[in-house]
Amino acid sequence: MSDLTRPISELTASISEGRLKAVELVQQSLGAIKASGEFNAVLEVSPAALDRAKQVDAGKLTGRLAGIPFIAKDNFLTFETHTTASSNILKPFHAPYQSTAIDKLEAEGAILVAKANLDAFAHGSSTENSDFGPTRNPWDKDRVPGGSSGGSAAAVALGLASFALGTDTGGSIRLPASFCGVVGLKPTYGLVSRNGVIAMASSTDVIGPLTRTVEDAALVLDIMAGRDPLDATTIERGDNYSHLAGDLSGLKIGIIKEYMGEGIGEDVKANTLSIIDRLKSSGAHVEEVSLPSVELALACYYIIVPAEISSNLARYDGIKYGFSAPEAKTLAETYALTRDQGFGDEAKRRIMIGTYVLSSGYYDAYYKKAQQVRTLLIQEFEKAFQKYDLLVGPTSPTTAFKLGSKSHDPISMYLTDVMTVATNLVGNCAISIPSGKDSAGLPIGFQLIGPQKG
Ligand code: GLN
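Residues numbered from 1 in each chain as written. Predicted model: local features only at pLDDT ≥ 70, side-chain atom pairs only at ≥ 80, totals over all residues. Heavy atoms only, no water.

**Student:** Explain the environment of Gly-344 to me, using residue names and the numbers behind them.
**Tutor:** Relative to the helices and strands, Gly-344 resides in the loop between helix H10 (331-342) and helix H11 (345-358). Put simply, Gly-344 and Ser-274 are 70 residues apart on the chain and 41 Å apart in space, counted from C-alpha to C-alpha. (Helix = DSSP H or I, 4+ residues; strand = E, 2+ residues; numbered from the N terminus.)

Here it is as structure tokens:
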């Protein structure tokens, strides 16, 4: 059995007591990555990993994660590898600086072993939008791992590293966590610095860990959280995230009614209800709560997010970063040919939708309206959290779907996000926890949503 399936606290204790060498652990990770090629979870291995492990074993590199191998989604800027966002337009790109989250983890001795596959620019729910081929689900190779952090979730499920980092703009940590049977934590907006993470939609992007246990997720969050002078949207952190309470008695929990209705798979519904029963028998007070605007969240998300994407992707012009169309003869041709050849269909679709909803004449009808609905959503969640400590429901209406089954139908792909996007529009924290399997043996995720919290 690989050590990489053991809890992080156990591994760091073994390493600090000399029972396990960091080099051995990193070698296990690199070996597992090599053997996992058919899943296409990993894009590039870091050439510096073994050297860093040697420093840990020599006592030169210490900290709360000393010697722990991790994998970052390839939209985190990292020094030792390319940073591609799984898009052809960034294929040759080497970052000139490194993201704050990676710096903080490395300062505690964690070892970046590889970069993970994703939907290009994190646009997607299945990792099929990657320009480097889809990642496959570790539980069934013919199915998707979820997205967009599908490579990160599959990597943790396959035991390629102790934890992985993902980004969640509309569910991209929680959905793949649910499809791959791992824990996925989306922190409150602003709690973890996004400095050095490739922007998708700046008003909803957050970064967070994918792990095997909730304790591991809390530990990684504890290290990454807090104000960063390089990201003006960051907030003050709370005291300590690694003290987890085991007692649920008296906790007030609301089941989001709109997440339990039409469209939810039978196995997912039965599993969710069984977890709710367990919460009740552990002493929590659980009842149904209606958040009517949640039904508008998906439509609202797919207006606001493309609007922000159309602005954020404008920087890829063939001059500043990565790929530049070699045959272009003029500046205008450089822009047009680079973007035409470098962006995939989904990025182009979102640039067009975003530009349309922001254009004069349509701005009021789409973008402004969506922002008004977003305000309603924020108010409804605020009201619910006056009464409840937590809101719960499934992470996704279904378990992992077949590769290719939705990739030609963007709307059905977008519907996969129906239970995750509201949290991003509001800025709350949420977590997906593996809660069982469906009749085909595929993992199901249970979602807990908390208020905005530093
Ligand atoms: N699936 C959603 C989308 O395509 C969410 C993506 C994300 O969270 N990065 O926009």
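Further notes follow.
**Student:** Give a description of the side chain of Asp-417 that names residues and reports values.
**Tutor:** Its place among the elements puts Asp-417 in the loop between helix H13 (410-415) and helix H14 (421-426). In contact with Asp-417, not counting residues within four places along its chain, are Ser-125, Gly-170, Leu-175, Leu-298 and Tyr-302. (Contact = heavy atoms within 4.5 Å.)

**Student:** Which residues make up the pairing of strand S7 (residues 252-256), and what are the values?
**Tutor:** For S7, the tally of buried residues reaches four of five residues, placing the bulk of the element in the interior. As judged from the five bridges shared by S7 and strand S8 (residues 285-289), these two strands associate in the parallel manner. When the sheet's bridge partners are listed, Ile-253 is paired in S8 with Val-286. Following the backbone out of S7, through helix H8 (residues 266-281) and into the adjacent parallel S8, one traces a crossover that is right-handed. For S7 and strand S9 (residues 390-394), the ladder comprises three bridges, and the chain directions are parallel. Residue Ile-253 lies in a different strand from S9, and its bridge partner there is Leu-390. (Buried < 20%, exposed > 50% of the residue type's maximum accessible area, 1.4 Å probe, protein only. Pairing = 2+ DSSP bridges. Right-handed = clockwise from strand over helix to strand, strands pointing away.)

**Student:** Kindly report on the packing of aromatic side chains, identifying the contributing residues and their values.
**Tutor:** Counted under the stated rule, the structure contains 14 aromatic pairs. With a centroid separation of 5.8 Å and an interplanar angle of 50°, the aromatic rings of Tyr-356 and Tyr-366 are classed as tilted. Pair noted here: Tyr-356 is in helix H11 and Tyr-366 is in helix H12 (residues 364-387), with a separation of ten residues, a long-range link. Assessed through its relative accessible area of 32%, Tyr-366 is described here as partly exposed. Through a chain of ring-to-ring contacts, three or more aromatic side chains come together here, namely Phe-93, Phe-121, Tyr-316, Tyr-321 and Phe-343. (Phe/Tyr/Trp six-rings, centres within 6.5 Å; stacked < 30°, edge-to-face > 60°.)

**Student:** Summarise a nonpolar patch on the surface; cite the residues concerned and give the values.
**Tutor:** Together, Ile-319, Leu-331 and Tyr-335 make up an exposed nonpolar region whose accessible area comes to about 290 Å². Topologically, Leu-331 is positioned in helix H10. (Patch = residues over 30% accessible without salt bridge, like charges linked within 9 Å, V, L, I, M, F, W, Y side chains within 5 Å. Areas by Shrake-Rupley, 256 points an atom, 1.4 Å probe, with all protein chains shown as cover. Salt bridge = Lys/Arg side-chain N within 4 Å of Asp/Glu carboxyl O.)

**Student:** Help me get a handle on the site of the ligand, residues and values and all.
**Tutor:** Not every one of the 15 residues close to the ligand is listed here, only the nearest: Thr-169, Gly-170, Ser-172, Tyr-301 and Arg-350. Between Gly-124 and the ligand, the recorded distance is 2.9 Å, taken from a backbone N or O atom to a nitrogen atom. Protein contact buries 100% of the 290 Å² of open area that the ligand shows by itself. Grouping the constituent residues of the shell around the ligand by class yields four nonpolar, eight polar and three charged. (Near = heavy atom within 4 Å. Polar contact = N/O pair within 3.5 Å; in protein donor to acceptor, adjacent residues only side chain to side chain. Nonpolar A, V, L, I, M, F, W, Y, C, P; charged D, E, K, R; others polar.)

**Student:** Let's hear about the packing of helix H2 (residues 22-35) against helix H3 (residues 49-57): which residues, and what values?
**Tutor:** One can describe the packing of H2 onto H3 by two numbers: an axis separation of 7 Å at closest approach and a directional angle of 155°. One element, H2, and the other, H3, form an angle in the roughly antiparallel class. Across the interface between the two elements, Ala-22, Val-23, Val-26, Gln-27 and Leu-30 from H2 touch Ala-49, Leu-50, Ala-53, Lys-54, Val-56 and Asp-57 from H3. Residue composition of the contact of H2 with H3, grouped by class: eight nonpolar, one polar and two charged. (Axes fitted to C-alpha atoms, helices over the stretch in contact; angles between N-to-C directions. Parallel < 35°, antiparallel > 145°, perpendicular 65-115°, else oblique.)

**Student:** Would you mind going over helix H7 (residues 214-224) in detail, with residue names and values included?
**Tutor:** Taken across its eleven residues, H7 has nine buried, putting it largely inside the fold. Within the span of H7, buried status applies to Asp-216, Ala-217, Ala-218, Leu-219, Val-220, Leu-221, Asp-222, Ile-223 and Met-224. Residues of H7 that are buried sit in contact with helix H1 (8-16), helix H4 (100-107), strand S4 (163-168), strand S5 (183-186) and strand S6 (206-211).

**Student:** Just give me the short version of the pattern of salt bridges, but keep the residues and values in it.
**Tutor:** Where charged atoms from two side chains of opposite charge approach closely, those side chains can pair. Counting across every chain of the model gives 17 salt bridges. A salt bridge links Lys-320 to Asp-317; the nearest nitrogen and oxygen atoms lie 2.7 Å apart. A residue is classified by how much of its surface remains accessible, and Lys-320, at 53% relative accessible area, is exposed.

**Student:** Please give an account of unusual backbone geometry that cites residues and values.
**Tutor:** Cis geometry marks the peptide bond from Gly-147 to Ser-148, where omega comes out at 5°. Considering the arrangement of structural elements, one finds Ser-148 in the loop between strand S3 (111-116) and helix H5 (150-157). Phi at Asn-40 is positive, roughly 55°, even though this residue is not glycine. Position of Asn-40 relative to the elements: it lies in the loop between H2 and strand S1 (42-45).

**Student:** How would you explain the packing of helix H9 (residues 294-312) against H11 if you had to name every residue and give the values?
**Tutor:** Look at H9 against H11: their axes get within 7 Å of each other, and the N-to-C directions meet at 105°. Relative to H11, the element H9 is oriented roughly perpendicular. Judged by residue contacts, Tyr-302, Ile-303, Val-305, Pro-306, Ala-307, Ile-309 and Ser-310 of H9 engage Arg-350, Ile-351, Ile-353, Gly-354, Thr-355, Val-357 and Leu-358 from H11. In terms of residue class, the contact of H9 with H11 is made up of ten nonpolar, three polar and one charged.

**Student:** Could you give an account of H12, with specific residues and numbers?
**Tutor:** Each α-helix winds once per 3.6 residues, and so residues spaced three or four apart point in a common direction. Compared with an ideal rise of 1.5 Å per residue, which puts 24 residues at 34 Å, H12 spans 34 Å between its outermost C-alpha atoms and is within 8% of the ideal. Where the residues of H12 are buried, they touch H9, H11, S9, H14 and strand S11 (443-450). (Expected span 1.5 Å × (residues − 1).)

**Student:** So what's going on with the sheet that holds S3? Which residues, and what values?
**Tutor:** Within the open sheet, the eleven strands sit side by side as S1-S3-S2-S4-S6-S5-S10-S11-S9-S7-S8. Their pairing is mixed. Strand pairing shows two members of the sheet lacking a second neighbour, S1 and S8, which therefore form its edges. Looking at each pair of strands side by side, their axes are set apart by 30° on average, direction ignored. Contacting strand S2 (69-73), S3, S4 and S6, H5 runs over the sheet at an angle of about 155° to S4.

**Student:** Which residues make up the state of the cysteines, and what values do they have?
**Tutor:** On inspection of all chains with the given rule, the structure shows zero disulfides. For Cys-429, which is in no disulfide, the shortest distance to another cysteine sulfur is to Cys-300 and amounts to 20 Å. (Disulfide = S-S within 2.5 Å.)

As far as function goes, none of this settles anything; it's purely spatial.
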